[in-house]
Amino acid sequence: MSRQTLAGRGDAATPLPRLEPETGPRTEAGALPAAESGHAGAGTGTGASSVAASAAAVAARGGRTPGSRSRRIDGSAGRAGRSRAGRRPGPVARVNLLAVAGIVVAIVLNLVAGRHPMAVPELLEALAGGRVPGVSFMLWEDRLPQAAVGVLAGAAFGASGAIFQRMLRNPLASPDVIGVGYGASAAAVAGMLFFGAQGLGLSLIACAGALAVALLIYAIADAGRHTGARLILAGIAVAAMLQGVIQYLLTRTDIRMASDAMRWLTGSLSASTWERAGMLGAALAILLPLLVPAAAKLRILELGDDTAAGLGLRVRGTRLGLILLAVGLTAVATAVTGPLAFVSFLAGPLALRLCGGRSNLGSAALVGALLVTSATFIATNILNDIQLPVGVVTGALGAPFLIWVLVRANKEGS
């Protein structure tokens, strides 16, 4: 039939409805209700009337479908549940809180239940500034400086060990295993025996020795291109050499100075003073804040060198910077307390296991502080007549753990 015929019969033909864009209210999901969409698809006048009626009903309800209120209530409940869950401390926060509580408990036990215990009323009076004969001197000149040095040194050792272990992805890669601690010890012993170094001078000499050894084993590991097993093996070899150097130095001095050096090499908090605590605290006030960017770099390095380089990280320069930070932490702590055996080795893996596999440098530092303060209490009270150096206790704790790590690695074939 022609177009003219259709035009002439326009009074008898039913005009096709025009499909206008839907401007009526929608549900929260942004779609028409099922009844509306079904009628709209018919494309007839009756369907258009049904659409208008449904739109009017939705408008009367305020633009809500019958199920929208329940969905909103369910969504609010879900957000509230997520909010409550977000307020719960995570495993890292719980470990940090427990470590801080353990440090406080160990210090308090050492005051009130250790060798020469203090009565609680007298202890509180001395802490408030009162002068209690005997108690005030013991508290302010012996126990509290020892606790302060123990906490600071333990934190430094723990963070340093965690940096090495995470960077090299090996639990054996702690400063006291790969030779960095022996570098600080050898330099400090030489400074004490030949130059009479003490205090800040001894710290600087220990830092120089640790840095020299770290750079040496870094160079042996092909300037950072092979920093896994090769760096660990190079560190163990250098550590064995430095042990021989230390023994030779002790034979070249008089018995009194050799005895002092041997006591320092064992690792002890008995010579702790407020001056040493202040010196260590000042050094850590500079070094510990650097753990925040170091943790971010470590997370990228743990993805692998190729991936880290692809993400724009300068792998070799970053690794060298992390080594220098870890060396600085080890050196300043070693200069004050001597080499506390296995604190660096234990703190990182223990923190990792307690945190449920989440590596955290802050947790490792707190666990290191807890190890040292707990070892201080044990060393003071395990024997009735003898006060052991703290390094003896930490070494006794670390040796079985080292054997367990080696046995486990052997079973896994790694």
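Computed from a predicted model, the values in this text were never measured in an experiment.

1. Digging into the overall build of the chain
For the chain, the helix and strand inventory stands at 18 helices and zero strands. Classification of the 414 residues of the chain by burial places 40% in the buried group. Total accessible area computed for the chain in this model is approximately 21800 Å², and 64% of it derives from carbon and sulfur atoms.

2. Comments concerning the pattern of salt bridges
Between side chains of opposite charge, a pair can form when the charged atoms approach closely. Tallying each qualifying case throughout the model produces three salt bridges. The salt bridge involving Asp-142 is made with Arg-143; its shortest N-O contact spans 3.5 Å. Using a relative accessible area of 7% as the deciding quantity, one classes Arg-143 as buried.

3. With respect to the packing of aromatic side chains
Tallied over the entire structure, the rule returns three aromatic pairs. When the centroid spacing of 5.5 Å and the interplanar angle of 70° are considered together, the rings of Phe-345 and Phe-401 count as edge-to-face. Pair noted here: Phe-345 is in helix H16 (residues 343-354) and Phe-401 is in helix H18 (residues 390-412), with a separation of 56 residues, a long-range link. On the accessibility criterion, Phe-401 (17% relative accessible area) is buried.

4. Brief notes about the packing of helix H7 (residues 135-168) against helix H13 (residues 291-301)
One way to put it is that H7 packs onto H13 with a least axis distance of 10 Å and a crossing angle of 20°. Taken as axis vectors, H7 and H13 run roughly parallel relative to one another. As for the relative orientation of H7 and H13, their crossing is left-handed in sense. Two secondary-structure elements touch here, H7 through Ala-159, Ile-163, Arg-166 and Met-167 and H13 through Leu-291, Ala-295, Leu-298, Arg-299 and Leu-301. The residue makeup of the contact of H7 with H13, split by class, is seven nonpolar, no polar and two charged.

5. Concerning the nonpolar core
Among the nonpolar cores identified, the biggest contains 86 residues, and Ile-163 and Leu-329 are the most heavily contacted of them. It is helix H15 (residues 315-337) that provides the largest number of residues to this core, a total of 12 residues. Once you skip the residues sitting within four places of it in the chain, Leu-329 turns out to touch Ala-156, Ala-159, Ser-160, Ile-163, Leu-284, Leu-287, Leu-288 and Leu-291. Among the nonpolar cores identified, the runner-up in size contains eight residues, and Met-118, Leu-123, Ala-126 and Val-135 belong to it.

6. Description of a nonpolar patch on the surface
On the surface, Val-120, Leu-124, Leu-127, Trp-140 and Trp-274 cluster together into a nonpolar patch covering about 480 Å² of accessible area. Ranked by residue count, the leading element in the nonpolar patch is helix H6 (residues 120-127), at three residues. For Trp-140, the location among the structural elements is in helix H7.

7. Quick word on the packing of H6 against H7
Helix-helix packing: each pair is described by the crossing angle between the helix axes and the interaxial distance. One can describe the packing of H6 onto H7 by two numbers: an axis separation of 9 Å at closest approach and a directional angle of 70°. With respect to each other, H6 and H7 are oriented roughly perpendicular. The residues of H7 that touch H6, namely those facing Glu-122, Leu-123, Ala-126 and Leu-127, are Val-135, Ser-136, Leu-139, Trp-140 and Leu-144.

8. Let's talk about the side chain of Thr-394
Along the chain, Thr-394 falls in helix H18. In contact with Thr-394, other than residues within four places in its own chain, are Leu-340, Ala-341, Phe-342, Val-343, Leu-346 and Ala-375.

9. So, the confidence of the model for the chain
On average, residues of the chain carry a pLDDT of 78, and 76% of them reach 70 or more. Within the chain, the element-level pLDDT minimum falls on helix H2 (residues 34-40), averaging 39, and the maximum on helix H17 (residues 361-381), averaging 93.

10. Section: the environment of Pro-133
Relative to the elements of secondary structure, Pro-133 occurs in the loop between H6 and H7. Residue class for Pro-133 comes out exposed when judged on its relative accessible area of 76%. Remark: the alpha-carbon pair of Pro-133 and Glu-122, spanning 11 residues in sequence, is separated by 9.5 Å.

11. Regarding unusual backbone geometry
One non-glycine residue, Arg-169, adopts positive backbone phi at about 55°. Tracing the backbone shows Arg-169 in the loop between H7 and helix H8 (180-195). For Arg-169, a relative accessible area of 51% corresponds to the exposed category. Positive phi outside glycine occurs at Phe-342, with the angle close to 70°. Position of Phe-342 among the secondary structure elements: in the loop between H15 and H16. The exposure class of Phe-342 is buried, given its relative accessible area of 18%.

How each quantity is defined
Residues numbered from 1 in each chain as written. Predicted model: local features only at pLDDT ≥ 70, side-chain atom pairs only at ≥ 80, totals over all residues. Heavy atoms only, no water. Helix = DSSP H or I, 4+ residues; strand = E, 2+ residues; numbered from the N terminus. Buried < 20%, exposed > 50% of the residue type's maximum accessible area, 1.4 Å probe, protein only. Areas by Shrake-Rupley, 256 points an atom, 1.4 Å probe, with all protein chains shown as cover. Salt bridge = Lys/Arg side-chain N within 4 Å of Asp/Glu carboxyl O. Phe/Tyr/Trp six-rings, centres within 6.5 Å; stacked < 30°, edge-to-face > 60°. Axes fitted to C-alpha atoms, helices over the stretch in contact; angles between N-to-C directions. Parallel < 35°, antiparallel > 145°, perpendicular 65-115°, else oblique. Left-handed = near helix turned anticlockwise from the far one by under 90°. Contact = heavy atoms within 4.5 Å. Nonpolar A, V, L, I, M, F, W, Y, C, P; charged D, E, K, R; others polar. Core = buried A, V, L, I, M, F, W, Y, C linked by side-chain atoms within 4.5 Å. Patch = residues over 30% accessible without salt bridge, like charges linked within 9 Å, V, L, I, M, F, W, Y side chains within 5 Å. pLDDT = per-residue confidence, 0-100.

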